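The lines below spell out each chain.
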Amino acid sequence: MAIPFLSFEHTNSQIKKEILRDFEAFLDESNYIMGPSLESFEQNYASFSNSKFCLGVGNGLDALHIGLRSLRIGHGDEVIIPANTFIASALAISYCGAKPVLVDPLIDTYNIDPVNIREKITSRTKAIMPVHLYGQACNMSEILAIARDYNLKIVEDNAQGHGATWNSQITGSFGHINATSFYPGKNLGAYGDGGALTTNSSDIYHVAAELRNYGSSKKYVHERLGFNSRLDECQSRFLSIKLKYIKEWNLERKKIADFYEEKLSNIGDLIIPTIDDRATSSYHQYVIRTRERDALQQHLKSKGVQTLIHYPIPIYNQRCYSDLNFNPSDYPITQELSKTILSLPIYPGLKHHQLSIITQNIIDFFSDER
Ligand SMILES: *Cc1c(COP(=O)(O)O)cnc(C)c1O
């Protein structure tokens, strides 16, 4: 039996009755956009994120973009991001007319390296965007200290970090404004696109609220050039249901990570994830490393085990950014990661016997019993 990289079977069957009941109520009430279900989800998610305000938007990329714009980041500004993040982190900066400045991560946690951040700060730097990659919280103590030293803004990219913590504080609560995604595959995923912003600043909240809705706070009155990027009523309802399960589902991910750690320690040249003592992870991805990555991926595929690479082509090698003339040799760690990382299946509902098949096939690969 093939083991898919991701399956919604278990989580869907767990909440199917609730979702269907709620969908009926949704049809009966005939509210589709900017209604009470959005407001209610925003309150729920603000409370989950230990933040004063939350704004539902169309997707994670829009959340990052609107977040940056609400801090008035624009043409000529620079924003620092990790070089090994998903393309959306960089695109949001480019949409503002600003420049993404890439920083090599730490080789052990895969998260942005605070030492490298300091080296890349210029007079044009306006913000840092820490990305809680694969679910592990970044070193927010250091990043906040840098932001204070240089008077920079922080926009967390919390698309992968739902429920992660740094020094017991939940991610999505550190920055001036923080963005997240509810893309179906994320830990908290909608049944379609979705995203949100969180902030403790009433001023920033009000700017962002206008930006997501045509730049308007009052119907047909437009204060600024805004966008149409709103989380709809249907997704808001579904997300409020799913939010009740996020802690349980993250715990299931943690148990899978613990199993992998137990079985995959000291196997060949395999490196398993390191979690900083001060951080917790939402275990959005479980990413291992080996020099024999491609052969291992091929071997697992032949055994019906699907794996992925997050991410195979770094931002500095993407054609859409050729005009920024990034130099790949400036990012030796990202380069090394892109050649050696492999993401194993990790999701609620992945069964013990499936996990055993995955780990046994990895062990066999390194013991040459293939
Ligand atoms: C998924 C993701 C995004 C973008 O979210 P969308 O909802 O797909 O637009 C941004 N940053 C990171 C790190 C992501 O994983």
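First, a word on scope: everything that follows refers to the structure included in this document. (Residues numbered from 1 in each chain as written. Predicted model: local features only at pLDDT ≥ 70, side-chain atom pairs only at ≥ 80, totals over all residues. Heavy atoms only, no water.)

**Things to note about the site of the ligand**
Taken together, 13 residues sit near the ligand, with Gly60, Asp157, Gln160, Ser181 and Lys186 positioned nearest. One of the backbone nitrogen or oxygen atoms of Gly60 is found 2.7 Å away from an oxygen atom of the ligand. Side-chain polar atom of Lys186 to an oxygen atom of the ligand: 2.7 Å apart, as the coordinates give it. Computed on the free molecule, the ligand has an accessible area of 380 Å², of which 91% lies beneath the protein chains in the complex. Among the detected pockets, the ligand sits in the largest pocket. Classifying every residue of the shell around the ligand gives five nonpolar, six polar and two charged. (Near = heavy atom within 4 Å. Polar contact = N/O pair within 3.5 Å; in protein donor to acceptor, adjacent residues only side chain to side chain. Areas by Shrake-Rupley, 256 points an atom, 1.4 Å probe, with all protein chains shown as cover. 1 Å grid on protein atoms, 1.4 Å probe; cavity = no way out; pocket = protein on both sides within 12 Å on 5 of 7 lines; lining within 4 Å. Sits in = over half its atoms within 2 Å of the grid points. Nonpolar A, V, L, I, M, F, W, Y, C, P; charged D, E, K, R; others polar.)

**A look at the environment of Glu223**
Position of Glu223 relative to the elements: it lies in the loop between β11 (221–222) and α8 (233–243). With 13 residues separating them along the chain, Glu223 and Glu210 place their C-alpha atoms 7.9 Å apart. The contact partners of Glu223, leaving out residues within four places of it in the chain, are Glu210 and Gly215. (Helix = DSSP H or I, 4+ residues; strand = E, 2+ residues; numbered from the N terminus. Contact = heavy atoms within 4.5 Å.)

**Points about helix α2 (residues 36–48)**
Along its 13 residues, α2 runs 18 Å from first to last C-alpha, staying within 8% of the 18 Å computed at 1.5 Å per residue. If you check which residues of α2 are buried, you get Ser37, Leu38, Phe41, Glu42, Tyr45, Ala46 and Phe48. When α2 is viewed along its axis, its buried side chains cluster within an angular range of 165° and face the same direction. Residues Glu39, Gln43 and Ser47 are exposed on α2 and point more than 90 degrees away from its buried face. (Expected span 1.5 Å × (residues − 1). Buried < 20%, exposed > 50% of the residue type's maximum accessible area, 1.4 Å probe, protein only. Arc of directions from axis to C-beta.)

**A look at helix α4 (residues 87–95)**
Buried residues of α4: Ala88, Ser89, Ala90, Ala92 and Ile93, and no others. Considering only its buried residues, α4 is in contact with α3 (60–70), β2 (78–82), β3 (99–103) and β5 (153–157). Two residues or fewer after α4 comes Gly97, characterised by a positive phi angle close to 85°.

**Some details on the environment of Leu243**
Relative to the elements of secondary structure, Leu243 occurs in helix α8. Judged by its relative accessible area of 11%, Leu243 is buried. Residues Leu243 and His162 lie 81 residues apart in sequence; the distance between their C-alpha atoms is 9.9 Å. When residues no more than four places from it in sequence are discounted, the contact partners of Leu243 are Phe41, Asn44, Tyr45, Phe48 and Leu188.

**Looking at the sheet that holds strand β9 (residues 195–199)**
Ordered in space as β1-β9-β8-β5-β4-β2-β3, the seven strands form an open sheet in which the pairing is mixed. Looking at strand neighbours, the two that pair on one side only are β1 (53–57) and β3, the edges of this open sheet. When the angles between neighbouring strand axes are averaged without regard to direction, this sheet yields 25°. One ladder, built from three bridges, connects β5 with strand β8 (residues 177–181); its direction is parallel. (Pairing = 2+ DSSP bridges. Axes fitted to C-alpha atoms, helices over the stretch in contact; angles between N-to-C directions.)

**Topic: the packing of aromatic side chains**
Throughout the structure, instances matching the rule amount to 16 aromatic pairs. Judged by centre distance (5.5 Å) and plane angle (80°), the ring pair of Phe41 and Phe182 falls under edge-to-face. Residue Phe41 is found in helix α2, and its partner Phe182 is found in the loop between β8 and β9; the two are separated by 141 residues along the sequence. Judged on exposure class, the residue Phe41 and its partner Phe182 are both buried. The interplanar angle of 90° and the centroid separation of 5.0 Å between the aromatic rings of Phe365 and Phe366 together place this pair among those described as edge-to-face. (Phe/Tyr/Trp six-rings, centres within 6.5 Å; stacked < 30°, edge-to-face > 60°.)

**Topic: empty space enclosed by the protein**
Here the structure, examined in full by the defined rule, presents four cavities of 30 Å³ or more. In this structure, the largest cavity occupies an estimated 130 Å³ of space. Around the largest cavity, the lining is made up of 14 residues, and of these Phe8, Thr11, Lys186, Asn187 and Arg253 lie nearest the centre. The residue makeup of the lining of the largest cavity, split by class, is six nonpolar, five polar and three charged. The volume enclosed by the second largest cavity comes to roughly 100 Å³. Lining the second largest cavity are 14 residues, and of these Tyr134, Gln136, Pro273, Ile275 and Gln285 lie nearest its centre. Of the residues belonging to the lining of the second largest cavity, the class tally is eight nonpolar, five polar and one charged. (Points joined across faces, edges and corners; volume = space filled by probe spheres on them.)

**Overview of the packing of α3 against helix α7 (residues 202–211)**
Remark: α3 packs on α7, axes separated minimally by 9 Å, with the N-to-C direction vectors making an angle of 130°. Compared by their axis directions, α3 and α7 come out oblique. Classified by chirality, the crossing of α7 by α3 is right-handed. Contacts between α3 and α7 involve Ile66, Arg69 and Ser70 from the former and Ile204, Val207, Ala208 and Leu211 from the latter. Here the residues of the contact of α3 with α7 sort into five nonpolar, one polar and one charged. (Parallel < 35°, antiparallel > 145°, perpendicular 65-115°, else oblique. Left-handed = near helix turned anticlockwise from the far one by under 90°.)

**Looking at the side chain of Thr340**
Relative to the assigned elements, Thr340 resides in helix α11 (residues 332–340). The class of Thr340 is buried, set by a relative accessible area of 2%. Looking at Thr340, its side chain comes within polar contact range of the main-chain oxygen of Glu336, at 2.8 Å. Thr340 has contacts with Ile288, Arg289, Thr290, Arg291 and Arg293, leaving out every residue within four places of it along the chain.

Geometric values such as these leave the question of function open.
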